[in-house]
Amino acid sequence: WSISYMRSIEIALEVKSTGWIGFGIGEPMSGSMAGADMLTGFVNSSGGYITDRWAEAKGITPHKDKIQDWTLVAYSEDLETLTTVLELNRSLTTPDVIQDRPITDNGVPTRIIGAWGKT
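Small disclaimer: the values here were computed from a predicted structure and weren't measured.

Peer 1: If you had to explain the sheet that holds strand β1 (residues 2-4) to someone new, which residues and values would you point to?
Peer 2: The strand order β1-β2-β8-β7 describes an open sheet built from four strands, whose pairing is antiparallel. Edge strands, defined here as strands with exactly one partner in the open sheet, are β1 and β7 (71-78). Averaged over neighbouring strand pairs, the angle between their axes works out to 15° when direction is ignored. Bridge count for strand β2 (residues 8-15) against strand β8 (residues 83-91) is eight bridges, and the pairing is antiparallel. Bridge pairing in β8 links E14 to V85.

Peer 1: Give me the lowdown on the sheet that holds strand β6 (residues 63-64), citing residues and values where you can.
Peer 2: The five strands lie next to each other as β6-β5-β4-β3-β9, forming an open sheet whose pairing is antiparallel. A strand with exactly one partner marks an edge of an open sheet, and here the two such strands are β6 and β9 (112-117). Bridging between strand β4 (residues 37-44) and strand β5 (residues 47-54) involves eight bridges; their strand directions are antiparallel. When the bridges of β5 are listed, M38 appears paired with R53.

What counts and what doesn't
Residues numbered from 1 in each chain as written. Predicted model: local features only at pLDDT ≥ 70, side-chain atom pairs only at ≥ 80, totals over all residues. Heavy atoms only, no water. Pairing = 2+ DSSP bridges. Helix = DSSP H or I, 4+ residues; strand = E, 2+ residues; numbered from the N terminus. Axes fitted to C-alpha atoms, helices over the stretch in contact; angles between N-to-C directions.

Here is the structure:
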């Protein structure tokens, strides 16, 4: 990952899977999925896809954000190594103060969550 001009974050997610990828900023105090700002993505023969999401509670499919703040910059899927890569960009702070978490360097650890699967 890298920070670009203190305005946005650029990140690459690489997983040993050819299914879906989930990534998020966990709830600040517990780091849990409930209350997390997240995205899901996948690659298929038509291209790469991501959706900005908000997890209301553990065990419930995260809701699609009203404002889609993540940008898919590049993607790849290697069927020989069974690896998927999503390269993403997002502003450190967004106008979506309800469903997005700011990415800050304020001395408090940012809790990251991740998941992936086959379908």
